[in-house]
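An overview of the molecular structure
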Amino acid sequence: DQMTFVPVINVPREDPVAQRQPSPTQNLRRATVQQQSPIPETNSACERMEGDLQFSISYRQCSSVWRKKSSLSSVFTRQQRYNTDQGEYGAAVISDEYAFLHVWANGDRTVIKALEGGPGEEVQRRRDFSEIRKRKLFTLVQNPIHHFFEGWALAEMKMVQEARERGHDDLASKIIASWETPEKSYDDRVSEFLDEVINYASKAATAGISPYMHALPQSNFLMDDVGEIDANIAAIGDVNEWEAILTYTGYQGDPSEADIDEMPMLQAKYFPSE
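Here's what I pulled together on the structure shown here. All residue numbers refer to positions counted from 1 along the written sequence of the respective chain. Where local features are concerned, this predicted model is filtered to residues with pLDDT of at least 70; where side-chain atom pairs are given and counted, the filter is 80 or more; whole-chain, interface and lining totals use all residues. To obtain the side-chain values, all non-hydrogen atoms of the structure were included, while hydrogens and water were left out.

Remarks on the overall build of the protein
Applied cut-off: The helix count covers DSSP runs of H or I at least four residues long, the strand count covers runs of E at least two residues long, and both are numbered beginning at the N terminus. Accessible area is worked out with a 1.4 Å probe on protein chains only. A residue is then buried under 20% of its type maximum, exposed over 50%, and partly exposed in between.
Of the regular secondary structure elements, the protein holds 12 helices and six strands. For the protein, the proportion of its 274 residues judged to be buried stands at 48%.

The following block contains the structure:
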């Protein structure tokens with residue numbers, strides 16, 4: 001069930017930017033981040049989780065990433081190690097020490113909802129926002145197959161939502177109708193969506209904001225703009241243990257009181273989680 005670094009989308013990227021060497025500015029930025037990084041040589045978060053039953057899955061996720069993060073460049077090409085730009089939905093301050101790095105489709109209905117109803121008024125920000133960059137980052141991951149299917153559902157639902165918000169109810173109806181096309185099996189729908197995500201992901205060196213971003217490999221959300229694991233990432237947990245992880249990072253509210261969204265009926269009907 002551990003997050004894997006094997007990309008779900010393993011395709012050549014068309015933009016030559018993806019293949020070029022880091023620029024002097026990128027190298028300087030990377031060196032500056034490494035010098036200022038609060039991350040110790042050994043990961044204290046993984047050590048804290050080890051042997052603690054409330055972090056049993058998170059420990060495996062955290063230690064798996066930490067063991068492999070320094071060897072990514074020797075295993076995966078620069079094209080595969082693209083990063084993501086989540087825009088204003090990239091991260092949120094949790095405490096004086098930690099900020100939450102938002103891997104889309106992980107934490108949308110849990111951590112984000114807890115923050116919205118918590119003791120502060122913090123909203124999501126760009127991940128390069130000053131108050132984010134001065135803190136250590138934690139994030140949530142999950143089984144990569146589960147993440148892809150959750151991302152598929154959220155992407156499709158987001159397309160319907162955006163169509164309706166723009167007054168295009170006819171387009172929203174067409175999208176929903178496409179989920180019921182008799183000649184398409186469930187597998188056909190999955191394959192068609194995967195092709196759309198691959199097409200989206202192959203356009204540039206950095207994946208720009210789009211509903212399709214929900215279904216990108218989780219590992220790419222952890223990358224910086226030179227294709228390495230962001231040096232500020234200090235803790236990685238599993239979505240199934242989000243309450244314990246949130247408390248660990250110094251969140252002052254009560255995660256159990258978060259107004260967690262139920263899965264919309266439309267999503268439950270066309271994108272069953274089991």
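The structure having been displayed, the exposition proceeds.
Things to note about the packing of helix H7 (residues 144–165) against helix H8 (residues 169–178)
Quick reminder of the rule: Note on geometry: axes are lines fitted to C-alpha atoms, helical ones only across the stretch in contact, with angles between N-to-C directions running from 0 to 180 degrees. Small angles under 35 degrees read as roughly parallel and large ones over 145 as roughly antiparallel, with 65 to 115 read as roughly perpendicular and the rest as oblique. Handedness of a crossing follows from how the near helix is turned relative to the far one, being left-handed for an anticlockwise turn of less than a right angle and right-handed for a clockwise one. When checking whether two residues touch, look at their non-hydrogen atoms; a contact exists if any pair is within 4.5 Å. Amino acids outside the nonpolar list (Ala, Val, Leu, Ile, Met, Phe, Trp, Tyr, Cys, Pro) and the charged list (Asp, Glu, Lys, Arg) are all regarded as polar, and Gly is one of them.
Relative to each other, H7 and H8 sit at 160 degrees, their axes nearing to 7 Å. Classified by the interaxial angle, the pair formed by H7 and H8 is roughly antiparallel. Our pair here, H7 against H8, has a crossing hand that is left-handed. In this structure, H7 uses Glu 156, Met 159, Val 160, Ala 163 and Arg 164 to contact H8, whose residues at the interface are Asp 169, Leu 171, Ala 172, Ile 175 and Ile 176. In terms of residue class, the contact of H7 with H8 is built from seven nonpolar, no polar and three charged.

What about the environment of Val 239?
Within the fold, Val 239 resides in the loop between strand S6 (233–238) and helix H11 (242–248). With 98 residues separating them along the chain, Val 239 and Val 141 place their C-alpha atoms 5.9 Å apart. Those residues within four positions of Val 239 in sequence are excluded, and the remaining contacts are Asn 106, Leu 140, Val 141 and Gln 142.

Details of the state of the cysteines
Applicable threshold: Any two cysteine sulfur atoms lying within 2.5 Å of each other are counted as a disulfide.
As enumerated under the stated definition, the model contains one disulfide in all. Between the sulfur of Cys 46 and that of Cys 62 lies a disulfide, 2.3 Å long from S to S. Taking the torsion about the S-S bond as the criterion, the Cys 46 to Cys 62 disulfide, at about -90 degrees, is left-handed. Here the residue Cys 46 occupies a position in helix H2 (residues 44–49), and Cys 62 occupies one in helix H3 (residues 56–68), the gap between them amounting to 16 residues. For the pair formed by Cys 46 and Cys 62, the shared burial category is buried.

Let's talk about the pattern of salt bridges
Inclusion rule: One speaks of a salt bridge when a side-chain nitrogen belonging to Lys or Arg is within 4 Å of a carboxyl oxygen belonging to Asp or Glu.
This model, assessed by the stated rule, comprises 11 salt bridges. When the shortest N-O distance is used, the salt bridge between Arg 126 and Asp 128 registers 3.5 Å. Of the charged contacts, one joins Arg 133 and Asp 230 as a salt bridge, the two residues approaching to 3.0 Å between their closest N and O atoms. Highlighted residues: Arg 133 in helix H6 (residues 130–133) and Asp 230 in the loop between helix H10 (218–221) and S6, separated in sequence by 97 residues.

What about the nonpolar core?
Across soluble globular proteins, nonpolar side chains show a tendency to be buried alongside one another. This is how the line gets drawn: In plain words, nonpolar cores are sets of buried Ala, Val, Leu, Ile, Met, Phe, Trp, Tyr and Cys residues tied together by side-chain atoms within 4.5 Å.
Counting residues in each nonpolar core, the largest one holds 68 residues, and the members touching the most others are Phe 138, Leu 140, Trp 179, Phe 193, Leu 216, Leu 222 and Leu 246. Sorting elements by how many residues they give to this core places H7 first, with eight residues.

Some remarks on the environment of Lys 269
Counted only if it meets this: Two N or O atoms count as a polar contact when they lie within 3.5 Å, although within protein this holds only if one can serve as hydrogen donor and the other as acceptor, and sequence-adjacent residues are included solely when both atoms are side-chain atoms.
By the element assignment, Lys 269 lies in helix H12 (residues 265–270). Judged by its relative accessible area of 56%, Lys 269 falls in the exposed class. At a separation of 3.4 Å, a polar atom in the side chain of Lys 269 contacts the side chain of Tyr 270.

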